[in-house]
Amino acid sequence: MSEDNQSQGPATILCIGMAGSGKTTFMQRLNAHLHSKKTPPYVINLDPAVLKIPFGANIDIRDSIKYKKVMEEYNLGPNGAIVTSLNLFSTKIDQVIKLVEKRSSSVKNVIVDTPGQIECFIWSASGSIITEAFASTFPTVVAYIVDTPRNTSPTTFMSNMLYACSILYKTKLPMIIVFNKTDVQDAEFAKEWMKDFENFQIALNNDQDLNNDDGSSYMSSLVNSMSLMLEEFYSTLDVVGVSSYTGAGFDEFLDAVDNKIDEYNDYYKSERERILKQKEQDEKKRQNKSLNNLMKDLKINKTDSEVLSDYEEENEDEEYQGELDRDEDEPTREYTFPEDRNSEINSMNDSDLQSRYQEAFESTAKTASSQTAENIANYIRR
């Protein structure tokens, strides 16, 4: 890992793969390989159902969450218990990130082992939370582990590539396709299929002839179409073949990690920042819309610099005019409206009006000016 990349934090490698692909063995060999280079990684195990792991983990989900107790307490099956365990663990992911940050000055790589039931991690909310937490803090790469011997069939190979494609677009992170178990089956055939569509088509036709599958014209057409569609997907990948048993290919894998970290910094990081900025802008728009709706409901003008309380006194002429301009559907207020006051005055006879004026004038004559008395008279006559 380059010094520029190291300054941004340790490279995080999320190891994801189908059950039986040799993912945990790959983790063990990668851990040993990095130790041999005097750059021991920070190891995290997120598989709560595994009985034993062949490597030492700095953080192990099994230390804080007991898988069997989750099954018993919540009455769940194996996959449901894994998802629930990850949900519980994800609530503390901020603490995990802080622990990794404390070691970031001395650790160059963080390797994360995920559950063998791949869908429990990739398609769950907790898996997204954990992935986002790492990807937003450290340069993060997905290593998709493929069982090479089981993918010699073109149809099986295509299914695995479609799954890898879905993971790429789900995580939005740089991906390395790791063809494992190359000591049993060399991965050159798979690399050729990914580079040359005609080679894949020939292999597909030969596989159908070998199996005497006469009714598979639809399947053949479908697989060919998908292989054409995945051509652009293949161009964005780094592909390596490794043997977790012998250790072959791991230097090439680490070179691919460095390449993907550069890609993360050049493309994915800026894209993630753009997405986060867009989310922030959308949230501000939502808040402004909610505020505008609230102001509309309260009949508040946007240009008003402040909202006046019903108990604050303003110029009485403006206040009464504002009350008259309000919608008729507004709930009845608990104070007297001007029209009510006018009706009261109109119902009075002249003698009552004269006596009321005289009383008001005498009560203010000693302290009020003639202008004040005139204002009182105008108020009563309204």
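Residues numbered from 1 in each chain as written. Predicted model: local features only at pLDDT ≥ 70, side-chain atom pairs only at ≥ 80, totals over all residues. Heavy atoms only, no water.

## Notes on unusual backbone geometry
Quick reminder of the rule: The helix count covers DSSP runs of H or I at least four residues long, the strand count covers runs of E at least two residues long, and both are numbered beginning at the N terminus.
At Lys38, a position not held by glycine, the phi torsion is positive, near 60°. Along the chain, Lys38 falls in the loop between α2 (23–36) and β2 (42–45). The phi torsion at Asn75 lies on the positive side, around 55°, for a residue other than glycine. Along the chain, the position of Asn75 falls in the loop between α3 (67–74) and α4 (78–90).

## Re the sheet that holds strand β3 (residues 59–60)
Let me state the cut-off plainly: Strand pairing requires that DSSP identify at least two bridges connecting the strands. Here, two residues are considered to be in contact whenever any of their heavy atoms come within 4.5 Å of each other. Helix axes are fitted to C-alpha atoms over the stretch in contact, other axes to C-alpha atoms as well, and angles between N-to-C directions run from 0 to 180 degrees.
Pairing is parallel across the open sheet formed by 7 strands, whose spatial order is β3-β2-β4-β1-β5-β6-β7. Because the sheet does not close on itself, it has two edges, and the strands there are β3 and β7 (238–241). Where strand β5 (residues 140–147) lies against strand β6 (residues 175–180), 6 bridges are found, and the strand directions are parallel. Looking across to β6, one finds that Val142 is bridged to Met175. Against the sheet, α2 engages β1 (11–17), β2, β4 (109–113), β5 and β6, with an angle of about 160° to β4. Each of β6 and β7 touches helix α9 (residues 188–195); the most contacted strand, β7, lies at about 160° to it.

## A short note on the nonpolar core
To be explicit about the condition: Put simply, a nonpolar core is a bunch of buried Ala, Val, Leu, Ile, Met, Phe, Trp, Tyr and Cys residues held in one set by side-chain atoms that sit within 4.5 Å of each other. Three labels apply to residues, based on accessible area from a 1.4 Å probe with only protein chains included: buried if under 20% of the type maximum, exposed if over 50%, partly exposed otherwise in between.
Residues Ile44 and Phe134 are the most contacted members of the largest nonpolar core, which totals 60 residues. With 7 residues, the top contributor of residues to this core is helix α8 (residues 154–171). Counting residues in each nonpolar core, the second largest holds 24 residues, with Leu30, Ile176, Phe250 and Leu254 among its members.

## Here we look at the packing of α8 against α9
Between two packed helices, both the angle of their axes relative to each other and the distance between the axes serve to describe the pair. Selection rule: Any angle from 65 to 115 degrees is called roughly perpendicular, while one under 35 is roughly parallel, one over 145 is roughly antiparallel, and all others are oblique. Crossing handedness is read from the near helix: turned anticlockwise from the far helix by less than a right angle, it gives a left-handed crossing, and turned clockwise, a right-handed one. In the scheme used here, Gly and all other residues not listed as nonpolar or charged are polar, with Ala, Val, Leu, Ile, Met, Phe, Trp, Tyr, Cys and Pro taken as nonpolar and Asp, Glu, Lys and Arg as charged.
Their axes nearest at 12 Å, the elements α8 and α9 cross at an angle of 70°. As far as their axial angle goes, α9 and α8 are roughly perpendicular. For α8 against α9, the interelement crossing comes out right-handed. Listed contacts from α9 to Pro154, Phe157 and Met161 of α8 are Ala190, Trp193 and Met194. Of the residues assigned to the contact of α8 with α9, the class counts are 6 nonpolar, no polar and no charged.

## Concerning helix α5 (residues 93–102)
What counts is decided by this rule: Relevant arc is that of directions from the helix axis to the C-beta atoms, nothing else.
Restricting attention to buried positions, one finds in α5 the residues Ile93, Val96, Ile97 and Val100. For α5, the angular spread of the buried residues around the axis is 100°, confining them to a single face. Projecting away from the buried face of α5 at angles above 90 degrees are the exposed residues Lys98 and Lys102. Considering only its buried residues, α5 is in contact with β2, β3, α4, β4 and α7 (125–135).

## Some words on the packing of aromatic side chains
Stated formally: Ring pairs are drawn from Phe, Tyr and Trp, using the six-membered ring of Trp, whenever the two centres fall within 6.5 Å, and their geometry is named by plane angle: stacked under 30 degrees, edge-to-face over 60, tilted for the rest.
This structure, assessed with the given rule, holds 8 aromatic pairs. Ring geometry for Phe157 against Trp193: centres 5.3 Å apart, planes inclined by 75°, an arrangement best described as edge-to-face. Placement of Phe157 in helix α8 and of Trp193 in helix α9 is noted, with a sequence separation of 36 residues between them. Accessibility expressed as a relative area gives 0% for Phe157, which makes it buried. Here Trp193 falls in the buried class, since its relative accessible area comes to 10%.

## Re the environment of Leu162
Within the fold, Leu162 resides in helix α8. Exposure remark for Leu162: the relative accessible area of 28% places this residue in the partly exposed category. Measuring from C-alpha to C-alpha, the distance between Leu162 and Leu230 comes to 7.9 Å, with 68 residues separating the pair along the chain. Among residues more than four places away in sequence, those in contact with Leu162 are Met226, Met229 and Leu230.

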